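The primary structure of each chain is shown beneath.
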Amino acid sequence: RNVIFTTVRLKQLDWVEDFIEKYIDHVNKESKESIYNHARGIISYVKKDYDTAIRLLSSVDLENPFYASDVKTHLAIIYFEQGHYESCASVLDSFRHMVTSREEFSAIFREVNIRFINTVTSYIRAITSGNKRNEILLKAKQKLVSYPMVNHKGWLLNKADQLIEESV
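Scope of this entry: the structure provided in the associated data block. Remember, it's a predicted structure, so these values are computed and weren't measured experimentally.

Regarding its fold elements, the protein chain presents nine helices and zero strands. Counting from the amino terminus, the protein chain carries its helices and strands in the arrangement α-α-α-α-α-α-α-α-α. For 168 residues, the compact-globule estimate of 2.2 N^0.38 gives 15 Å, and the C-alpha radius of gyration of the protein chain, at 17 Å, lies within 12% of that figure. Reported as C-alpha extents along the three principal axes, the dimensions of the protein chain are approximately 55 × 35 × 30 Å. Looking at the 168 residues of the protein chain, the share that counts as buried comes to 44%. The contacts in the protein chain between residues at least 6 apart in sequence include a share of 54% that link residues at least 24 apart. Total accessible area on the protein chain is roughly 9,600 Å²; 50% of this is exposed by carbon and sulfur atoms.

See below:
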């Protein structure tokens, strides 16, 4: 998981794809398929091959809380990007329930992810509300900027700017 996210941030997709294929047989056999689908799903997401990303991420075993968080976050972003706001809201609702009910998560982990969930939920509300769109977006962005840590803060800020610009 760490190798995947580090190399994705470094934009070394060819390297990480080779790494996955080379070392996947060295992981725990019970988790192999899930780990593989997670890794390939994240890469597909980065490549904006959303249909493949959805298919792969949807087949990741959600027993591991960190894989579950990755899956929920990325599916929410993908559905949002595709304009499937009801699907996005459903994933966010499921994610909120998971984050607040699983004891394995630290308070900081919960807070960082709840902020993500709340911000995306505000964006959906802004898009679907019509006349209060900019007001909701500006308020959501203001809150977002004030938070020291938020899951996918860069994407959230960029999306806020894009949505505000579109409504001008």
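The next thing to look at is the packing of helix α1 (residues 2-9) against helix α3 (residues 32-46). Between α1 and α3, the shortest axis-to-axis distance is 10 Å and the interhelical angle comes to 15°. Here α3 runs roughly parallel to α1, going by the angle between their axes. Seen along the crossing, α1 lies across α3 with a hand that is right-handed. Facing α1, whose interface residues are I4, F5 and V8, α3 presents H38, A39, I42 and V46.

Before going further, it helps to examine helix α4 (residues 50-57). Across the eight residues that make up α4, a large majority, six, are buried. Every buried residue of α4 is accounted for by Y50, T52, A53, I54, L56 and L57. Buried residues in α4 make contact with α3 and α5 (65-81).

Nonpolar side chains in soluble globular proteins generally cluster together in the buried interior. Counting residues in each nonpolar core, the largest one holds 49 residues, and the members touching the most others are F80, C88, L92, F116, V120, Y123 and L156. In this structure, Y123 is in contact with F80, L137, A140, L144, L156, L157, K159, A160 and L163, ignoring residues within four places of it in sequence.

Note that H38 resides in helix α3. If we skip the residues at most four places from it in the chain, H38 touches R1, F5, L57, V60, Y67 and D70.

Structurally, T6 is set in helix α1. For T6 and V16, which are 10 residues apart along the polypeptide, the C-alpha to C-alpha distance reads 9.4 Å.

Within the structure shown, the criterion is met by nine aromatic pairs. With a centroid separation of 5.0 Å and an interplanar angle of 40°, the aromatic rings of F19 and Y23 are classed as tilted. Of this pair, F19 and Y23 both sit in helix α2 (residues 13-23), four residues apart, roughly one helical turn. Given the relative accessible area of 37%, Y23 is considered partly exposed. On the basis of an interplanar angle of 85° and a centroid distance of 5.4 Å, the ring pair of F66 and F109 is categorised as edge-to-face. Pair noted here: F66 is in helix α5 and F109 is in helix α7 (residues 107-129), with a separation of 43 residues, a long-range link. Assessed through its relative accessible area of 34%, F66 is described here as partly exposed. For F109, a relative accessible area of 17% corresponds to the buried category. Taken together, the ring pairs connect F80, Y85, Y123 and W155 into an aromatic cluster.

With that settled, the discussion passes to the pattern of salt bridges. All told, the structure shown has nine salt bridges when counted by the stated rule. Notably, a salt bridge pairs E166 with R133, separated by 3.6 Å at the nearest N-O pair. With E166 in helix α9 (residues 153-166) and R133 in helix α8 (residues 133-146), the pair connects residues that are 33 residues apart, well separated along the chain. For R133, a relative accessible area of 18% corresponds to the buried category.

Parameters at a glance
Residues numbered from 1 in each chain as written. Predicted model: local features only at pLDDT ≥ 70, side-chain atom pairs only at ≥ 80, totals over all residues. Heavy atoms only, no water. Helix = DSSP H or I, 4+ residues; strand = E, 2+ residues; numbered from the N terminus. Rg over C-alpha atoms; globule rule 2.2 N^0.38 Å. Buried < 20%, exposed > 50% of the residue type's maximum accessible area, 1.4 Å probe, protein only. Contact = heavy atoms within 4.5 Å. Areas by Shrake-Rupley, 256 points an atom, 1.4 Å probe, with all protein chains shown as cover. Axes fitted to C-alpha atoms, helices over the stretch in contact; angles between N-to-C directions. Parallel < 35°, antiparallel > 145°, perpendicular 65-115°, else oblique. Left-handed = near helix turned anticlockwise from the far one by under 90°. Core = buried A, V, L, I, M, F, W, Y, C linked by side-chain atoms within 4.5 Å. Phe/Tyr/Trp six-rings, centres within 6.5 Å; stacked < 30°, edge-to-face > 60°. Salt bridge = Lys/Arg side-chain N within 4 Å of Asp/Glu carboxyl O.

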